[in-house]
Amino acid sequence: NAGVTQTPKFQVLKTGQSMTLQCAQDMNHNSMYWYRQDPGMGLRLIYYSASEGTTDKGEVPNGYNVSRLNKREFSLRLESAAPSQTSVYFCASREIRYYTDTQYFGPGTRLTVL
Amino acid sequence: RKEVEQDPGPFNVPEGATVAFNCTYSNSASQSFFWYRQDCRKEPKLLMSVYSSGNEDGRFTAQLNRASQYISLLIRDSKLSDSATYLCVVNSGNTPLVFGKGTRLSVIA
């Protein structure tokens, strides 16, 4: 199992450019999440998808859009990148069972907007 | 009041020391609790769940106090490899997990 994979690992954009961050999980989890983490700061939830076909806003959704393409894939799009979006982006999927509740994170995408 | 609050630290402790972190949560309806560990420039990973009766995993002990709405993590015999940020995480129902900002631990030789 690869777990949660994210592409790309690093990206540099110019202000105003657009890009899509890709995330995929092979654990058959229903829930998936996108977070951003700024230097020395905690995780902030951008968007999440509780199940295939649904998406909801998190704490900081402005400037982002998401697509839950299928059960495996959940992408995050920046339509017009701004320097304030420079951050590390983590995707996660979550396994919820009666006896366990575990969130698995991808390795992150380090994005710099100039 | 923030939903999950932690002392950001850093806690600088010598190898072999015992160190404890607390975390408070504001939602009394919170159902489940966890500690995650995040190494520098890496993704967070589940360290342990926190059960009502408390639980232990090797050198790590987690406790829950529902009356006072806090959870704790105790690390005994600290190792250099324990240096990381420890995230307190709370599940308040059928919603995304709520992550604290983390407590940074540095274990010094």
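Look a little higher up for the structure.
Within each chain, residues carry numbers counting from 1 in the order of the written sequence. Think of it this way: whatever chain is written first is A, whatever ligand is written first is 1, and the rest follow in order. This being a predicted model, a pLDDT of at least 70 is required before a residue's local features are given, and a value of 80 or more before pairs of side-chain atoms are given or counted; all residues contribute to the totals for chains, interfaces and linings. Excluding hydrogens and water, the side-chain figures rest on all heavy atoms present in the structure.

Q: Explain the side chain of serine 87 of chain A here, please?
A: Residue and element names in this part refer to chain A. Position of serine 87 relative to the elements: it lies in strand S9 (residues 87-96). Of note is the side chain of serine 87, whose polar atom sits 2.7 Å from the side chain of aspartate 38. Beyond its immediate chain neighbours, meaning those up to four positions away, serine 87 contacts Arg36, Gln37, Asp38, Thr109, Arg110 and Leu111. For helices the rule is a DSSP run of H or I covering at least 4 residues; for strands it is a run of E covering at least 2, with both sets numbered from the N terminus onward. Pairing of N or O atoms within 3.5 Å defines a polar contact, subject to two protein rules: one partner must be a possible hydrogen donor and the other a possible acceptor, and residues neighboring in sequence count only if both atoms are side-chain atoms. Contacts between residues were defined by any pair of non-hydrogen atoms, one from each residue, lying within 4.5 Å.

Q: Would you mind showing me how to read the sheet that holds strand S7 (residues 64-68) of chain A here?
A: In a beta sheet, neighbouring strands pair by backbone hydrogen bonds and run either parallel or antiparallel. Residue and element names in this part refer to chain A. Reading across the sheet, the four strands line up as S1-S3-S8-S7 and stay open at both edges, with antiparallel pairing between neighbours. Sheet topology places strand S1 (4-7) and S7 at the edges, where each strand pairs with a single neighbour. Between one strand and the next, the sheet's axes are offset by a mean angle of 20°, whatever the strand orientation. Pairing geometry for strand S3 (residues 19-25) and strand S8 (residues 74-78), over three bridges, is antiparallel. Bridge assignment links threonine 20 to a residue of S8, and that residue is arginine 77. Between any two strands, at least two bridges found by DSSP are needed for them to pair. Helix axes use the C-alpha atoms of the stretch in contact, all axes being lines fitted to C-alpha atoms, and the angles between their N-to-C directions lie in the range 0 to 180 degrees.

Q: Any chance you could explain the side chain of glutamine 6 of chain B here in plain terms?
A: All names here are of chain B. Its place among the elements puts glutamine 6 in strand S1 (residues 4-6). Think of it in three bands: residues with accessible area under 20% of the maximum for their type are buried, residues over 50% are exposed, and the middle band is partly exposed, with areas taken using a 1.4 Å probe on protein chains only. For glutamine 6, a relative accessible area of 14% translates into the label buried. For glutamine 6, the side chain forms a polar contact with the main-chain nitrogen of glycine 102, separated by 3.0 Å. A distance of 3.3 Å separates polar atoms of two side chains, one belonging to glutamine 6 and the other to threonine 103.

Q: What exactly am I supposed to notice about the pairing of strand S7 (residues 60-65) of chain B here?
A: Look at any regular strand and the pattern is simple: side chains alternate between the two faces of the sheet. Residue and element names in this part refer to chain B. In this structure, strand S6 (residues 55-57) lies alongside S7, joined through three bridges in antiparallel fashion. Across the sheet, residue glutamate 56 finds its bridge partner in S7, namely threonine 61. Between S6 and S7, which follow one another and run antiparallel, lie two residues, and glycine 58 among them has a positive phi close to 65°. Relative to strand S8 (residues 70-75), S7 runs antiparallel, the two sharing six bridges. In the sheet register, alanine 62 faces S8, and the bridge partner there is leucine 73. Connecting S7 to the next strand, S8, in antiparallel fashion are four residues, including glutamine 69 with a positive phi near 55°.

Q: It is not clear to me how the interface of chain A and chain B should be interpreted in this structure. Could you clarify?
A: The parts lose accessible area when they come together, and the size of an interface is often stated as this lost area. Listed per partner, the contact involves 16 residues of chain A and 16 residues of chain B. Both sides of the chain A and chain B interface together cover about 1400 Å² of buried area, and 54% of this is carbon and sulfur. Joining chain A to chain B, the criterion identifies five residue pairs in polar contact (both at pLDDT 80 or more). Every element with two or more residues in the side of chain A that touches chain B is listed here: strand S4 (31-37), strand S5 (43-49), S9 and strand S10 (101-105) of chain A. Classes in brief: Ala, Val, Leu, Ile, Met, Phe, Trp, Tyr, Cys and Pro nonpolar; Asp, Glu, Lys and Arg charged; the others, Gly included, polar. Grouping the amino acids of the side of chain A that touches chain B by side-chain chemistry returns eight nonpolar, five polar and three charged. As used here, buried area is the combined drop in accessible area, with a 1.4 Å probe, of two parts when they are placed together.

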